[in-house]
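Residue strings, one per chain:
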Amino acid sequence: MHNPFSFYWNKNWTFQIVHMEGGIYIEAKGLGVLIRRPLLATESPLAAADNLVYVEDKNRRSLLNSWKSKK
């Protein structure tokens, strides 16, 4: 089954809802990484995808700032 969706503001990522290991997961692919986390029953897929990319972006910025401060 092919079910990717994307956001107009986030062109570097594609998202997919995956059923595996007895659960439903939201999966994001982009910028050379694959991120997956469980989709909660109270979350909409769009909110879960948005949060997933936000957390990854925050981690990347933190690593970049850490690297810059060591120079």
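Residues numbered from 1 in each chain as written. Predicted model: local features only at pLDDT ≥ 70, side-chain atom pairs only at ≥ 80, totals over all residues. Heavy atoms only, no water.

Novice: Explanation requested: the overall build of the protein in the structure shown.
Specialist: Each helix and strand counted, the protein has 1 helix and 4 strands in total. Secondary structure of the protein in N-to-C order comes out as β-β-β-β-α. Counting every position in the protein, which comprises 71 residues, the buried fraction comes to 25%. In the protein, of all internal contacts separated by at least 6 residues, the share reaching a separation of at least 24 is 21%. As displayed, the protein has an accessible area near 5,400 Å², and 57% of this comes from carbon and sulfur atoms. (Helix = DSSP H or I, 4+ residues; strand = E, 2+ residues; numbered from the N terminus. Buried < 20%, exposed > 50% of the residue type's maximum accessible area, 1.4 Å probe, protein only. Contact = heavy atoms within 4.5 Å. Areas by Shrake-Rupley, 256 points an atom, 1.4 Å probe, with all protein chains shown as cover.)

Novice: I keep staring at the side chain of E27 and nothing clicks. Help me out?
Specialist: Here E27 shows up in strand β3 (residues 23-30). For E27, a relative accessible area of 7% translates into the label buried. For E27, the side chain forms a polar contact with the side chain of R36, separated by 2.7 Å. In this structure E27 touches T14, F15, Q16, V18, L34, I35 and R36, once residues within four positions along its chain are discounted. (Polar contact = N/O pair within 3.5 Å; in protein donor to acceptor, adjacent residues only side chain to side chain.)

Novice: Help me out: how do you make sense of unusual backbone geometry in this one?
Specialist: What you tend to see is this: most non-glycine residues have negative phi, and most peptide bonds are trans. Despite not being glycine, E21 has its phi angle at roughly 50 degrees, a positive value. For E21, a relative accessible area of 68% translates into the label exposed.

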